[in-house]
Every structure is written in structure tokens, then in C-alpha cells.
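What follows is the residue order along each chain.
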Amino acid sequence: MSTPLRLGIAGLGTVGVGTVRIIQRQAALLTARTGRDITISAVSARSRDKDRGVRLGDYAWEDDAVALATRDDVDVFVELIGGDEGPAKAAVEAAIGAGKHVVTANKALLAMHGQALAEAAEAAGVALRYEAAVAGGIPVIKALTEGLAGNEITRVMGVMNGTCNYILTRMQSAGLDYDTVFKECEELGYLEADPTLDVGGIDAGHKLAILAAIAFGTRVDYDALTIEGIERITIEDIEQAADMGYRIKLLGVAQNSGRGFEARMTPCLVPESSPLGQLEGPTNMVVLEGDSVGQIVLRGAGAGEGPTASAVMADVCDIARGLDLPVFGVPASSLKTVQASTQDTPSAYYLRMELFDKPGALARIASVMGESGISIDRMRQYGHSSERAPVLIVTHKTSKDALDAAIAAMPATGVLASDPVALRIETL
Ligand code: HSE
């Protein structure tokens with residue numbers, strides 16, 4: 001039997017406690033699968049006295065994550081603190097500097113500092129693994145780096161924020177407005193401490209930036225993404241989309257089109273009958289497309305104690321087995337700089353707006369769209385009040401530039417009573 005693999009776990013929240021539980025409950029299984037005992041030398045968290053419902057007395061305690069990361073009896077530093085700066089970043093850097101392997105669930109850290117950390121880890125000859133950072137329990141990093149290693153990846157898509165998917169599907173199933181369901185999420189504890197990370201699309205954007213780097217061999221570049229949250233989606237949008245056979249999802253799409261790299265995390269319409277359209281509640285789904293494999297769909301819990309700790313342990317087991325892979329699938333020094341596309345792939349769009357209810361209002365909007373070169377597929381008024389007329393337009397395929405030009409020209413018509421909401425209709 002080889003020597004044990006000794007962990008130092010920083011952060012004893014939901015995922016940290018879940019990781020300790022797996023190590024305690026599945027010790028024999030982990031040893032059988034990796035050929036080594038997996039042990040915990042030390043842990044650290046903000047409060048030592050809190051009752052976490054798990055046995056911690058056998059492990060040394062460190063108040064400081066950096067001290068934990070550099071202990072002599074730690075082979076793998078497991079970072080479950082979170083945040084792209086502060087103690088998480090300092091401790092990961094310290095661990096790599098001290099020659100320790102690192103396992104992290106920290107999507108923000110990787111999205112913002114992935115390139116520098118990957119270069120440092122590869123130069124130091126240590127692993128930096130992060131399966132738990134993207135889509136919780138779904139083994140999507142392994143799918144891309146290992147299972148699909150023989151494919152050129154053509155597109156990556158996904159619903160990767162469970163809270164947003166819960167909000168959108170709950171609005172639809174219960175006919176509730178956004179604010180009511182947002183409050184429900186607060187009560188259920190679904191929201192991040194800063195809810196903008198969820199509903200503003202930032203958390204899901206971090207995950208997409210990481211997947212795109214692996215899929216397309218580029219440096220992680222969160223700033224190259226177009227990000228839009230779900231805050232402006234109304235129950236009307238959801239009901240109108242449903243009426244046309246669509247569902248609204250906060251959908252990430254990354255692809256390398258002939259025009260360059262495109263990546264966006266935005267609310268989109270997807271066909272109701274598609275796997276993404278059928279995804280209910282706080283579940284995640286990632287769709288990967290490769291030149292040989294075609295399309296594969298991975299579905300599962302994107303958060304929570306068991307699923308996220310399961311992903312942490314997959315990385316720990318790989319390190320125990322001695323699996324040595326570049327952080328983003330190819331050596332960090334060879335990752336290319338993202339060449340952002342100058343134009344998105346053309347698409348049909350859903351547009352909702354309110355017009356002042358006066359003669360010729362619809363005609364003026366239609367004419368602005370025509371002047372921008374946009375062809376209208378469907379147009380209708382619904383739920384009329386005495387002064388304002390809600391209007392829905394579905395376009396034929398058009399460029400985003402043409403759509404933006406039309407939207408920019410609308411206020412000058414004098415008939416627009418609210419800013420239009422524009423949602424891409426994604427083809428799957
Ligand atoms: N808040 C995230 C979600 C989980 O709702 O999916 C952690 O990334």
C-alpha cells in the first residue's frame with residue numbers, strides 16, 4: 001500500500017462538510033479505488049466553535065487558510081472558501097508555491113485568475129483541479145478533458161445556475177411574478193450571499209468562461225463574455241414564450257464560428273421539447289458538441305452538499321491515482337488569446353415592448369425594423385390597457401447589430417412606452 005494522501009480542507013460550509021463526510025463514510029471505497037488511504041490532516045474555517053454536525057476532533061485546526069495550505073502534513077490543499085480575491089486566492093497561491101496540489105470549487109477564482117494559477121501550478125509540477133467549480137455534481141470537466149479528448153469541440157451550451165432555472169420554471173409552473181419567486185428563493189436559501197451573482201448571470205458566466213477555455217484551447221477570459229441576467233424577465237415573457245412552444249432559460253453558449261469566438265450567458269428562448277426546454281427546478285444541464293461524438297447531454301444537481309462534494313472527491317481521487325493533466329487540457333503556456341467575434345451568429349429574436357396606444361404606433365415600429373433590414377416573422381398585441389399596448393414581435397434570423405440598430409432607433413418614433421426586452425431564440 002502506498003503512503004496516504006493527506007488533505008488540508010479550508011472552508012467548512014456546505015461543500016466542506018460534505019467532503020469531510022464522504023472521506024469518513026467512504027474511506028474503504030476510496031482506498032480500494034485509488035490504492036491509497038485518503039486522510040485529512042487539518043481543517044480551517046471562520047469559526048472554530050460552530051457545530052457543523054460532523055466529527056472534526058481528529059484533525060488539526062488552523063485559523064489561517066495560508067498556514068493550512070503550507071503545512072508539512074498536507075499534500076493536497078482543498079479550497080472551499082470561495083471568492084476571487086482575499087483568503088481563497090492567497091491560500092491557493094501559497095499552496096502552489098509550497099508544492100502542494102490544489103482542489104478547488106471556486107469558479108470566480110478560476111474565471112478571473114485561471115491563467116496565472118494554471119501557469120504557476122504547471123511550473124511547480126502540481127495539480128490544480130476544479131471539477132466542482134462548474135455545474136456541481138456533473139462531471140463536465142472530465143467529460144471535456146478526458147471523455148471527449150479525441151474531438152474538436154464545436155459548441156458548449158448549458159444551464160449552469162440552478163437558482164435561475166428554479167426562478168424561471170417556478171414562475172411558469174405557478175404563474176408567479178419574478179419578485180415573488182425571488183423572495184421564495186431567499187427563504188429556501190438558494191441565493192448566493194450577493195444574489196446578483198445568481199440572477200445577474202455572473203456565477204453562470206464564470207462557469208462558461210472555464211468550460212470555453214477547455215473546449216477551445218483559449219485563455220480563460222471572463223471579460224470576453226456577453227452577460228445578461230434574468231431580472232427583466234416577466235411572467236408575460238414566460239407565458240408568451242410558452243404560447244409559441246418555447247421556454248426561457250438563462251443559457252450559456254460558447255462556440256468558435258467562422259467570425260471568431262462567441263460566448264454569452266443570456267436569457268434565451270429554447271424549444272420546449274428540447275432537453276434544455278424540459279429542464280425543471282434547480283437542476284443544471286450541459287450540452288457538448290464534438291465533431292466525432294455529435295451532441296451529448298449531461299444533467300444533474302449543480303449545487304448542494306452531496307453533489308458538489310462528489311465532484312471535489314473526483315479530483316482528490318485523480319490526484320491519489322497520480323493522474324497528471326494540464327489544468328485546462330493543454331499546457332497553459334499554449335492556450336491562445338481569445339479572438340472575440342465581431343458579430344454574433346445570426347438568430348431569430350423575441351422582442352417585447354409597450355407602445356402608446358395611438359394610430360400608426362405598430363406601423364412605426366415595423367418600419368424601424370424594416371429600415372434596419374429585419375424581417376418580422378410574427379407580431380401581436382395582447383393584454384391591452386387603455387393607454388399602453390404590450391406588443392410582441394418575433395423576427396426572422398437577423399444579426400445582433402441590426403437588432404441593436406433597430407432598438408436604438410425606436411425611441412425616436414415617439415410611440416415607445418417602455419424599453420424593449422430582446423431575447424435570442426437559440427437553435428439546438
Ligand atoms: N448559486 C449557484 C446556483 C450554485 O444556483 O447554481 C453555485 O455556483
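On a predicted model such as this, the values are computed, not experimentally measured, just so you know. (Residues numbered from 1 in each chain as written. Predicted model: local features only at pLDDT ≥ 70, side-chain atom pairs only at ≥ 80, totals over all residues. Heavy atoms only, no water.)

## What about the pairing of strand β10 (residues 260–271)?
Stated formally: Exposure is judged per residue with a 1.4 Å probe applied to protein chains only, and the accessible area is read against the type maximum: over 50% gives exposed, under 20% gives buried, and values in between give partly exposed. The secondary structure listing takes helices from DSSP runs of H or I that are at least 4 residues long and strands from runs of E that are at least 2 residues long, numbered from the N terminus. The criterion for strand pairing is that DSSP finds at least two bridges linking the strands in question.
The buried fraction of β10 amounts to eleven of the twelve residues, a majority that puts the element mostly inside the structure. With two bridges connecting them, strand β8 (residues 226–227) and β10 associate as parallel partners. When the sheet's bridge partners are listed, T226 is paired in β10 with R264. The hairpin formed by strand β9 (residues 246–257) and β10 contains two residues between the paired strands. For β10 and strand β16 (residues 421–425), the ladder comprises two bridges, and the chain directions are parallel. Note on β16: the bridge partner recorded for C268 is R424.

## Comments concerning the domain arrangement of the protein
Frequently, the measure chosen for interface size is the accessible area that the parts lose on association. Operational definition: For every domain, the bounds stem from an assignment made automatically or drawn from a database.
Its domain assignment divides the protein into domain 1 (5–133), domain 2 (140–302) and domain 3 (348–425). Between domain 1 and domain 3, the C-alpha centre-to-centre distance is 52 Å.

## With respect to the pattern of salt bridges
Note the threshold: The salt bridge criterion pairs a side-chain nitrogen of Lys or Arg with a carboxyl oxygen of Asp or Glu, the two atoms within 4 Å.
One pass over the structure, following the stated rule, counts 26 salt bridges. Here D58 makes a salt bridge to R55, at a shortest N to O gap of 2.9 Å. E426 is paired through a salt bridge with R264; the nearest N and O atoms lie 3.8 Å apart. Of this pair, E426 sits in the segment after β16 while R264 sits in strand β10, placing them 162 residues apart in sequence. Here E426 and R264 have matching classes, each one buried. Linked by salt bridges that have partners in common, R155, E262, R264, E289, D344, R424 and E426 make up one network.

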